[in-house]
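Inside the fold
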Amino acid sequence: MSKRKLKMGMIGGGPGSFIGAVHRISAAMDGIIELAAGAFSSSPEKSAETGKELFLPAERVYGSYDEMFAKEKQLPEEERIDFVAIVTPNHVHFDPTKKALENGFHVVLDKPMTFNYEEAKALNKIIEDTGLLFCLTHTYTGYPMVKEARHLIASGVLGKIRKVYVEYPQGWLWTTLEKTDYKQAIWRTDPTKSGIANCMGDIGTHAFNLAEYVSGLKLTKLCADLNIVVEGRTLDDDGAVLLKFDNGASGVLMATQIATGAENNIKIRVFGDKAGLEWEQDNANSLIVRHPEAPDQIYRTGGNIPYLSSWAMENIRTPGGHPEGYLEAFANLYRNFARTLYARKNGEQPLKEWEDFPGAEDGLRGMAFVEHVVKSGKSNEKWTKFEL
């Protein structure tokens, strides 16, 4: 598809960044993307330190993203970065994404889209105006069996959808971890960096995105209960949301970071008037489809399985029996983004399966979800119309 790898620049991902390493590993997995430049920290010294650890040339490691955009633009097209991956905390999403797009660079952005809904609306317009590619890393849509679930529902296997349950239990913030030097806890619980929500912005948006992606439905109204369980916090660490969808179906979303002992088992169940299905990250290679008058069906990833759709097969990496996990799902987003970008560069039409990665609309809806959840959580009226 091209004579060279796509060149990626990274913003953020310096010392102490978990998600920066995840992006770098995932982007590199298929050998079609290479990390070529970076502004890895707001501290030029820390950015330089990370650049050395990653064996980047010193002249391609920058003290700020403004410097990176200015200098990369001066390079010949075959040498400059093709896109940027932005892996900063929420409050440093809008400005670098805006400037990247305005300087002609495509963007992969860690979720949620922005610090607040107003920024999301402004960024969505910039994406539309520039026409550049934008990917938001809602990881769980990259799993093959999640894509198969979406396909089965779209194909009518479940009939009319009646009920959607989605849950995301974590336990890592069961105590005041933010009072230690643990960077990930410190910024997520800080409203000046995280925004108006912690739990619902961090993992609730993943659950919401998964619910709409798999079901194919759109949320129309919600009723939220948000909690601060650990004393001393200013942002939510737990919550539940009742959902109403555009076909009349109802749903329940649970997201918590204080489920003591829980790890990261995001799970979705969808029920129609013909059948139901269930998928969970702890058993990511399996998709269970339940029929009222027949045994359960268990769909499995791996190899050349004739009963799976092209949507799943395009995202399967290993033979049967070999577990595919979080990094592979993350890498599927990067691979689909890269394939689509290659096709665009070559003047070709990408496969519809390649274009199946979260984008600007997902980001805008996610930030609207946070806005409405917090509004509902504070309201005595509770039910809140979901609108963009």
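The structure we're discussing is the one just above.
In this text, all values refer to a predicted model and were calculated from it rather than measured experimentally. (Residues numbered from 1 in each chain as written. Predicted model: local features only at pLDDT ≥ 70, side-chain atom pairs only at ≥ 80, totals over all residues. Heavy atoms only, no water.)

1. What to know about helix H11 (residues 326–345)
As a reminder, the rule being used: Helix and strand definitions follow DSSP, with helices as H or I runs of at least four residues and strands as E runs of at least two, each counted in order from the N terminus. In a helix, the anticipated span is given by 1.5 Å times the number of residues less one. Each residue's exposure class comes from its accessible area (1.4 Å probe, protein chains only) as a fraction of the maximum for that residue type: buried when under 20%, exposed when over 50%, partly exposed otherwise.
In a regular helix each residue adds 1.5 Å, so 20 residues correspond to 28 Å; H11 covers 29 Å between its end C-alpha atoms and thus fits that length. Of all 20 residues that make up H11, 15 are buried, and the element is covered over most of its length. Downstream of H11 by one or two residues, Gly347 has phi in the positive range, about 70°.

2. Quick look at a nonpolar patch on the surface
Stated formally: A patch is a set of surface residues, each over 30% in relative accessible area and not in a salt bridge, joined within 9 Å for like charges and within 5 Å for the nonpolar side chains Val, Leu, Ile, Met, Phe, Trp and Tyr. Areas reported here follow the Shrake-Rupley algorithm with a probe of radius 1.4 Å; residue values treat only the protein chains shown as occluding. Just to be clear on terms, a salt bridge is a Lys or Arg side-chain nitrogen sitting within 4 Å of an Asp or Glu carboxyl oxygen.
A surface patch of nonpolar side chains, amounting to about 220 Å² of accessible area, comprises Ile25, Met29 and Leu327. You can see Ile25 is positioned in helix H1 (residues 18–28).

3. Overview of the environment of Leu287
Which entries qualify depends on this criterion: Note on contacts: a residue pair is in contact if any heavy atoms of the two residues lie within 4.5 Å.
Assignment of secondary structure puts Leu287 in strand S12 (residues 286–290). For the pair Leu287 and Arg335, spaced 48 residues apart in the sequence, the C-alpha separation amounts to 23 Å. Leave out the neighbours within four places in its chain, and Leu287 touches Met145, Glu148, Ala149, Leu152, Leu277, Glu278, Trp279, Gln297, Ile298 and Tyr299.

4. Some points on the pairing of strand S9 (residues 250–256)
Operational definition: DSSP calls a pair of strands paired once it identifies at least 2 bridges connecting them.
Across the seven residues of S9, five count as buried, placing the element largely inside the fold. Relative to S9, strand S8 (residues 238–245) runs antiparallel, the two sharing seven bridges. Its bridge partner being in S9, Asp238 is matched across the sheet by Thr256.

5. Structural notes on the packing of helix H6 (residues 144–154) against helix H9 (residues 199–215)
This is how it is decided: Axis lines are fitted through C-alpha atoms, for helices just across the contact stretch, and the angle between N-to-C directions can take any value from 0 to 180 degrees. Our angle categories are set so that under 35 degrees counts as roughly parallel, over 145 as roughly antiparallel, 65 to 115 as roughly perpendicular, and the remainder as oblique.
Close contact between H6 and H9 brings their axes to 7 Å; oriented N to C, the two are set at 45°. Between H6 and H9, the interaxial angle falls into the category oblique. Contacts between H6 and H9 involve Val146, Lys147, Ala149, Arg150 and Ile153 from the former and Leu210, Glu212, Tyr213, Val214 and Ser215 from the latter.

6. A word on the layout of surface pockets
What counts is decided by this rule: Detection works on a 1 Å grid of protein atoms alone, calling trapped sets that fit a 1.4 Å probe cavities and calling open sets with protein on both sides within 12 Å along at least five of seven lines pockets, with lining residues defined by an atom within 4 Å of a point. Grid points are joined across faces, edges and corners, and a volume is the space filled by probe spheres set on the points.
The computed volume of the largest pocket comes to approximately 630 Å³. Of the residues forming the lining of the largest pocket, the biggest block, five residues, is contributed by helix H7 (residues 183–188). Within this model, the second largest pocket holds a volume of roughly 430 Å³. Forming the boundary of the second largest pocket are 19 residues, of which Phe18, Gln170, Arg188, Asn264 and Tyr326 lie nearest the centre. Listed by contribution, the elements that provide at least two residues to the lining of the second largest pocket are H1, H7, H9 and H11.

7. Quick word on the side chain of Arg233
The residue Arg233 is located in the loop between strand S7 (219–227) and S8 in this model. Its relative accessible area of 9% is what places Arg233 among the buried residues. Arg233 has contacts with Leu173, Thr175, Thr176, Leu177, Glu178, Thr189, Ile228 and Ile258, leaving out every residue within four places of it along the chain.

8. Thoughts on empty space enclosed by the protein
We count it as follows: Lys, Arg, Asp and Glu make up the charged group, whereas Ala, Val, Leu, Ile, Met, Phe, Trp, Tyr, Cys and Pro make up the nonpolar group; the residues left over, Gly among them, are polar.
One pass over the structure, following the stated rule, counts two cavities of 30 Å³ or more. Of the volumes computed, that of the largest cavity is approximately 90 Å³. In terms of lining, the largest cavity is formed by 14 residues, of which the most central are Phe115, Ser194, Ile196, Met367 and Val370. Tallying contributions element by element places helix H12 (residues 360–378) first for the lining of the largest cavity, with three residues. A breakdown of the residues in the lining of the largest cavity according to their chemical character gives seven nonpolar, six polar and one charged. The space that makes up the second largest cavity amounts to roughly 30 Å³. Pro112, Met113, Leu136, His138, Thr205, Asp362, Gly363, Gly366 and Met367 are the residues that line the second largest cavity. For the lining of the second largest cavity, the element with the highest residue contribution is H12, accounting for four residues. Looking at the lining of the second largest cavity, its residues break down into four nonpolar, four polar and one charged.

9. Describing the nonpolar core
For clarity, the cut-off: Among buried residues, the Ala, Val, Leu, Ile, Met, Phe, Trp, Tyr and Cys ones that are joined through side-chain atoms within 4.5 Å form a nonpolar core.
Met113, Leu253, Trp279 and Phe369 are the most contacted members of the largest nonpolar core, which has 82 residues in total. With nine residues, H9 is the single largest residue contributor to this core. For Trp279, the contacting residues outside a window of four places in its chain are Tyr143, Met145, Val146, Leu210, Ile266, Lys267, Ile268, Ala284, Ser286 and Leu287. Grouped together as the second largest cluster of nonpolar side chains are 25 residues, Val22, Val87, Cys135 and Tyr342 included.

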